[in-house]
Amino acid sequence: MLRRPERDEYAAYFDYYIGLVPEGELQTILTQQGERQVALFSSLAPEQIDYRYAPGKWTVKEVLGHLIDTERIMSYRLLRIARGDQTPLVGFDENAFVEHGGFQLRDLSDLLEEYKAVRASTIAQVRGISPEAWTRTGLANGNKLSAKTLAYVIAGHEAHHTTILKERYLGKEWQLAHEQGSQYTEK
């Protein structure tokens, strides 16, 4: 079982994301998280997917696109570090990625298919990493981190955005309807 990264495996910046990951087997957490994410996005009414909670904020579809892009980047970093590559990895501009991602032009079903493919790839990657590779460290965006840290950051980053979606985009009415098994439509 893959254990939570030790504090000396990453910079303090990553504490927040790692803290959002529940205890348990990471592959199982990633699998269940992916299933919940697909269910969450699939439960939304068409008018909700283009909603932004404030001017200049991403739409729900853009948040999903951001999750896809970020998981790809973190998985790539995970691969490089797990394989012992010591080349410093640069950061990325998440706003530019969303701006140029064309997510608003795509159907939600298409984005969900891409999300499922990326998540399945991440899970397969996590499954295939050797025990000794998990503690290998490298530099990404100027921060020291282990391969294990990146796997936890993937799960924590998604948990972070799921909370934002539920609290700022969907609200309490949606949460109540979702818990009762119905589709919520904004009034």
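Read on for an overview of the structure. (Residues numbered from 1 in each chain as written. Predicted model: local features only at pLDDT ≥ 70, side-chain atom pairs only at ≥ 80, totals over all residues. Heavy atoms only, no water.)

### Topic: the pattern of salt bridges
Link 1 in the chain: Counted under the stated rule, the structure contains twelve salt bridges.
Link 2 in the chain: Residue Glu 114 is joined to Arg 72 by a salt bridge in which the shortest nitrogen-to-oxygen separation is 2.6 Å. Taken together, the positions of Glu 114 in helix α5 (residues 108–128) and Arg 72 in helix α3 (residues 60–82) put the pair 42 residues apart, joining distant regions of the chain.
Link 3 in the chain: By relative accessible area, which is 41% here, Arg 72 ends up partly exposed.
Link 4 in the chain: Across the salt bridge formed by Glu 158 and Arg 119, the nearest N and O atoms sit 2.7 Å from each other. Of this pair, Glu 158 sits in helix α6 (residues 147–179) while Arg 119 sits in helix α5, and the two are 39 residues apart along the sequence.
Link 5 in the chain: Here the residues in one salt-bridge network are Arg 72, Arg 106, Asp 110 and Glu 114, joined through shared partners. (Salt bridge = Lys/Arg side-chain N within 4 Å of Asp/Glu carboxyl O. Helix = DSSP H or I, 4+ residues; strand = E, 2+ residues; numbered from the N terminus. Buried < 20%, exposed > 50% of the residue type's maximum accessible area, 1.4 Å probe, protein only.)

### A few points about the packing of aromatic side chains
In this description, a pair of aromatic rings is defined by centroid distance and the angle of the planes.
Link 1 in the chain: Enumeration over the complete set of coordinates arrives at five aromatic pairs.
Link 2 in the chain: A centroid spacing of 6.1 Å and a plane angle of 85° characterise the contact between Tyr 51 and Tyr 169, whose relative ring orientation is edge-to-face. Of this pair, Tyr 51 sits in the loop between α2 (26–42) and α3 while Tyr 169 sits in helix α6, and the two are 118 residues apart along the sequence.
Link 3 in the chain: Owing to a relative accessible area of 7%, Tyr 169 belongs among the buried residues under this scheme.
Link 4 in the chain: Each ring, one from Tyr 53 and one from Tyr 169, has its centre 4.9 Å from the other, and the planes form 80°; the classification is edge-to-face. Taken together, the residues span a long stretch of sequence, with Tyr 53 in the loop between α2 and α3 and Tyr 169 in helix α6 at a distance of 116 residues.
Link 5 in the chain: An aromatic cluster is built from Tyr 51, Tyr 53 and Tyr 169, whose rings are joined through pairwise contacts. (Phe/Tyr/Trp six-rings, centres within 6.5 Å; stacked < 30°, edge-to-face > 60°.)

### Comments concerning the nonpolar core
Link 1 in the chain: In this structure, Phe 14, Leu 26, Leu 30, Leu 78, Trp 134 and Leu 145 are the most contacted members of the largest nonpolar core, which totals 29 residues.
Link 2 in the chain: Contributions of two or more residues to this core are made by α1 (15–19), α2, α3, α5 and α6.
Link 3 in the chain: At seven residues, α6 tops the list of elements feeding residues into this core.
Link 4 in the chain: If we skip the residues at most four places from it in the chain, Phe 14 touches Asn 143, Lys 144, Leu 145, Thr 149 and Val 153.
Link 5 in the chain: Judged by nonpolar contacts, the second largest core, of 21 residues, contains Ile 49, Val 98, Tyr 115 and Val 118. (Core = buried A, V, L, I, M, F, W, Y, C linked by side-chain atoms within 4.5 Å. Contact = heavy atoms within 4.5 Å.)

### A short note on α3
Link 1 in the chain: Over its 23 residues, α3 runs 32 Å from end to end, which matches the ideal 33 Å to within 8%, given 1.5 Å per residue.
Link 2 in the chain: Positive backbone phi, approximately 85°, marks Gly 84, located one or two places after α3. (Expected span 1.5 Å × (residues − 1).)

### What to know about unusual backbone geometry
Link 1 in the chain: Here Asn 141, not a glycine, exhibits a phi torsion of approximately 55°, which is positive.
Link 2 in the chain: Among the secondary structure elements, Asn 141 is positioned in the loop between β1 (137–140) and β2 (143–146).

### Digging into the packing of α2 against α5
Any two packed helices are characterised by the angle at which their axes cross and by the distance between the axes.
Link 1 in the chain: Between α2 and α5, the least distance of the axes is 10 Å, while the angle of their chain directions is 175°. In terms of orientation, α2 and α5 fall into the roughly antiparallel class. In this structure, α2 contributes Gln 27, Leu 30, Thr 31, Gln 33, Gly 34, Gln 37, Val 38, Phe 41 and Ser 42 to the contact, and α5 contributes Leu 108, Leu 112, Tyr 115, Lys 116, Arg 119, Thr 122, Ile 123, Val 126 and Arg 127.
Link 2 in the chain: The class makeup of the residues in the contact of α2 with α5 is eight nonpolar, seven polar and three charged. (Axes fitted to C-alpha atoms, helices over the stretch in contact; angles between N-to-C directions. Parallel < 35°, antiparallel > 145°, perpendicular 65-115°, else oblique. Nonpolar A, V, L, I, M, F, W, Y, C, P; charged D, E, K, R; others polar.)

By themselves these figures say nothing about function.
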